[in-house]
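Fold and contact review
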Amino acid sequence: MRDLSALPNLNIALVQTTLAWHDRQANLEHFEQLLEQARGADLIILPEMFTTGFSMESETLAEAENGPTSKWLRTQAAQLDAVITGSVIVQAADGSHRNRLLWARPDGEVWHYDKRHLFRMAGEHNHYTPGERQVQFELKGWRVRPLICYDLRFPVWSRDAQDTDLLLYTANWPGARRQHWNRLLPARAIENLCYVAAVNRIGTDGKGFAYTGDSQVLDFQGETLLSAGEADGVFQVVLNAADLQAYRTRFPANLDADTFELT
């Protein structure tokens, strides 16, 4: 296992707010105002489909891979000297529509993860193409693995085979299933021996579904470090690498984990 003792602490900011339905410009302007409150963070996390709300109108709302939101994220990341991430509706180079998390770095690079598990109860699987692979990003030496909303329900896909330090979930998780969100997130932290950061939206979307937030950060024992409840705003917390190292040394359950391959 890696030695994390030399890693700096990681300051992360969660942006929990309402989303304007199908109005990219209004959402970008809204987030631009909020992002100033996140200055000083190393990583800023936005909700799933943060420019549109959780919409199945992929044909009319999809942006090109290097579209306006990607350019906006690069600008904001450079201005704030932070990684900014969240998912948007993208038309990939092969013509498929993806629920794609963009990871915009201050140096101008944009990496991505495509949502693997598409929410069939809303028909997402009929309008989007699922992702084919897990990804892992590095930030200040920390290994960060992003996932999107419904992915949370699937422990095999969430299971760590790559020594992840931070699992990141960005979501539009309805209040009707609030209890599931609040129970599954600690489970993912505990089973993976890592921090978990999860950002959800609040408010009501264009289809009348209500969202209750509960954006949160959990430590490697599933203990709450930050809980936003139903509040609107920017919430920051610092993750301690030494604490993670100490716990993994004291309780190395990963050494007894089952081996498997994802196909």
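Going by an unreviewed UniProt entry, the protein carries the name Amidohydrolase and comes from Pseudomonas hormoni.

Let us now look at a nonpolar patch on the surface. A surface patch of nonpolar side chains, about 250 Å² in accessible area, is lined by Val156, Phe260 and Leu262. Within the fold, Val156 resides in helix α5 (residues 155-158).

Another aspect to go through is helix α6 (residues 178-192). If you check α6, its first and last C-alpha atoms are 22 Å apart, about what 15 residues at 1.5 Å a residue would give, namely 21 Å. Turning to α6, its buried residues number three or more, namely Trp181, Leu185, Pro186, Arg188, Ala189 and Asn192. Projection of α6 onto a plane perpendicular to its axis shows the buried side chains occupying an angular sector of 155°, all on one side. Buried-residue contacts for α6 involve β8 (142-148), α5, β9 (166-170), β10 (195-199), β13 (216-218) and α7 (241-250). Downstream of α6 by one or two residues, Leu193 has phi in the positive range, about 50°.

Counted by the stated rule, this structure contains eleven aromatic pairs. With a centroid separation of 4.8 Å and an interplanar angle of 40°, the aromatic rings of Trp103 and Phe137 are classed as tilted. Within this pair, whereas Trp103 is found in strand β5 (residues 97-104), its partner Phe137 is found in strand β7 (residues 137-139), the two being separated by 34 residues in sequence. You'll find Trp103 and Phe137 in the same group, each marked buried. Aromatic side chains Trp111 and Phe137 sit 5.5 Å apart centroid to centroid with 40° between the ring planes, which places their arrangement in the tilted category.

In this fold, Asn200 is placed in the loop between β10 and β11 (202-204). From its side chain, Asn200 meets the backbone nitrogen of Trp173 in a polar contact 2.7 Å long. In contact with Asn200, other than residues within four places in its own chain, are Gln16, Pro47, Ala171, Asn172, Trp173, Trp181, Tyr211, Gly213 and Ser215.

Counting buried positions over the eight residues of β5 gives eight, a clear majority of the element. Here β5 shows a buried face lined by His97, Asn99, Leu101 and Trp103 and a second buried face lined by Arg98, Arg100, Leu102 and Ala104. By the bridge criterion, eight bridges tie strand β4 (residues 83-91) to β5 in an arrangement that is antiparallel. Bridged to Gln91 within β5 is His97. In this antiparallel pair of consecutive strands, β4 and β5, the connection spans five residues, and Gly95 shows a positive phi of 90°. Inspection of the sheet shows β5 paired to strand β6 (residues 110-114) by five bridges, in the antiparallel sense. Within the sheet, the bridge partner assigned to Leu101 lies in β6 and is Tyr113.

Quick notes on the rules
- Residues numbered from 1 in each chain as written.
- Predicted model: local features only at pLDDT ≥ 70, side-chain atom pairs only at ≥ 80, totals over all residues.
- Heavy atoms only, no water.
- Patch = residues over 30% accessible without salt bridge, like charges linked within 9 Å, V, L, I, M, F, W, Y side chains within 5 Å.
- Areas by Shrake-Rupley, 256 points an atom, 1.4 Å probe, with all protein chains shown as cover.
- Salt bridge = Lys/Arg side-chain N within 4 Å of Asp/Glu carboxyl O.
- Helix = DSSP H or I, 4+ residues; strand = E, 2+ residues; numbered from the N terminus.
- Expected span 1.5 Å × (residues − 1).
- Buried < 20%, exposed > 50% of the residue type's maximum accessible area, 1.4 Å probe, protein only.
- Arc of directions from axis to C-beta.
- Contact = heavy atoms within 4.5 Å.
- Phe/Tyr/Trp six-rings, centres within 6.5 Å; stacked < 30°, edge-to-face > 60°.
- Polar contact = N/O pair within 3.5 Å; in protein donor to acceptor, adjacent residues only side chain to side chain.
- Pairing = 2+ DSSP bridges.

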